[in-house]
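# Architecture and fold: a report
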Amino acid sequence: MRLSADQVEIIRKHVDQSTINIDSLRDDVLDHLCCVVEIKMERGNFFERSVVEALTELAPEGLDEIQNETVFLLNSTKIIRMKKVMYLFGLITAISMSFGVTFKILHWPGGDELLIYGMIGFVFLYLPLLMVNHFKLTLNSALTEKLRLILGFASALAICTAIALKVLHIAGADLLLIGGTLLFSFGFLPFMFFNMYKKSVS
């Protein structure tokens with residue numbers, strides 16, 4: 001069954017209401033929806049119901065989801081490269097901190113430098129990259145999940161910075177450490193356990 005021009009225009013309006021701005025993608029979505037609607041109408045469904053079902057089957061979260069997924073796939077190489085760099089920073093800084101602590105315990109030279117440089121890299125390179133990566137994944141999540149993520153990273157940033165300042169004997173480290181611990185204890189942990197509780201009873 002072929003759709004009439006008016007029916008195609010109705011489907012086009014649904015596509016136009018989305019934020020899809022890639023012309024080729026918009027045309028592909030319209031073509032796909034028209035084909036699915038035609039099949040459903042051949043099976044005896046009304047046009048309006050066929051359109052709703054086709055939209056739901058194609059994109060349960062809305063047509064905007066299609067463009068987001070397309071952009072993600074187009075940028076997947078860049079994302080993979082960024083993740084490699086991010087985890088490489090994490091590995092190098094973690095190794096540096098581990099050796100720094102070991103050297104300090106054994107009173108070997110270079111322990112302070114390894115610990116400090118490792119912490120600076122961890123705090124100002126790895127943590128921000130990790131936060132950006134995780135925040136992208138929670139854009140469509142609940143507010144509590146976003147707050148848990150922000151509070152967790154903020155407390156980790158404060159505590160790691162305080163430890164680095166403490167090693168360097170710079171004033172203000174104690175206050176920053178206390179602030180970070182309070183943020184972690186009364187900000188991040190309540191959200192984390194609340195989310196764990198919700199998941200356990202759902």
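Thresholds applied
- Residues numbered from 1 in each chain as written.
- Predicted model: local features only at pLDDT ≥ 70, side-chain atom pairs only at ≥ 80, totals over all residues.
- Heavy atoms only, no water.
- Helix = DSSP H or I, 4+ residues; strand = E, 2+ residues; numbered from the N terminus.
- Contact = heavy atoms within 4.5 Å.
- Salt bridge = Lys/Arg side-chain N within 4 Å of Asp/Glu carboxyl O.
- Buried < 20%, exposed > 50% of the residue type's maximum accessible area, 1.4 Å probe, protein only.
- Patch = residues over 30% accessible without salt bridge, like charges linked within 9 Å, V, L, I, M, F, W, Y side chains within 5 Å.
- Areas by Shrake-Rupley, 256 points an atom, 1.4 Å probe, with all protein chains shown as cover.
- 1 Å grid on protein atoms, 1.4 Å probe; cavity = no way out; pocket = protein on both sides within 12 Å on 5 of 7 lines; lining within 4 Å.
- Points joined across faces, edges and corners; volume = space filled by probe spheres on them.
- Phe/Tyr/Trp six-rings, centres within 6.5 Å; stacked < 30°, edge-to-face > 60°.
- Expected span 1.5 Å × (residues − 1).

## Quick word on the side chain of Lys-40
Inspection of the secondary structure assignment puts Lys-40 in helix α2 (residues 23–42). Aside from chain neighbours lying at most four places away, what touches Lys-40 is Asn-45, Ser-50, Glu-53, Ala-54 and Glu-57.

## Focus: unusual backbone geometry
Notably, His-107 is not glycine yet its phi reads approximately 60 degrees, a positive angle. Here His-107 lies in the loop between α5 (76–105) and α6 (111–137).

## A word on the pattern of salt bridges
Applying the stated criterion to the full structure yields 6 salt bridges. Arg-12 serves as the salt-bridge partner of Glu-9, at 3.7 Å between the closest nitrogen and oxygen. Here Arg-12 and Glu-9 lie together in helix α1 (residues 5–16), a separation of 3 residues that amounts to about one turn. Judged by relative accessible area, which is 37%, Glu-9 ranks as partly exposed. Since its relative accessible area comes to 33%, Arg-12 is described here as partly exposed.

## Some details on a nonpolar patch on the surface
Where nonpolar side chains cluster on the molecular surface, the patch consists of Leu-88, Leu-91, Ile-92, Ile-95 and Phe-99 and spans about 480 Å² of accessible area. Along the chain, the position of Ile-92 falls in helix α5. By relative accessible area, Ile-92 is classed as partly exposed at 49%.

## A short note on the layout of surface pockets
The computed volume of the second largest pocket comes to approximately 160 Å³. Forming the boundary of the second largest pocket are 11 residues, of which Leu-130, His-134, Leu-149, Phe-153 and Phe-188 lie nearest the centre. Taken together, the elements giving at least two residues each to the lining of the second largest pocket come down to α6 and α7 (143–167). Of the residues forming the lining of the second largest pocket, the biggest block, 6 residues, is contributed by α7.

## A few points about the packing of aromatic side chains
Within the structure shown, the criterion is met by 4 aromatic pairs. A ring pair is formed by Phe-99 and Phe-103, whose centres lie 6.1 Å apart and whose planes are at 85 degrees; its orientation type is edge-to-face. Placement of the pair is Phe-99 and Phe-103 together in helix α5, with a separation of 4 residues, close to one helical turn. A ring pair is formed by Phe-122 and Tyr-126, whose centres lie 5.4 Å apart and whose planes are at 35 degrees; its orientation type is tilted. Of this pair, Phe-122 and Tyr-126 both sit in helix α6, 4 residues apart, which is roughly one turn of the helix. With a relative accessible area of 19%, Phe-122 lands in the buried category. By relative accessible area, Tyr-126 is classed as buried at 13%.

## Observations regarding α7
Over its 25 residues, α7 extends 36 Å from the first C-alpha to the last, a length consistent with the 36 Å expected when each residue adds 1.5 Å. Considered for burial, the residues of α7 that qualify are Glu-145, Leu-149, Leu-151, Gly-152, Phe-153, Ser-155, Ala-158, Cys-160, Thr-161, Ala-162, Ala-164 and Val-167. One or two steps after α7, the chain reaches His-169, where phi turns positive at roughly 60 degrees.

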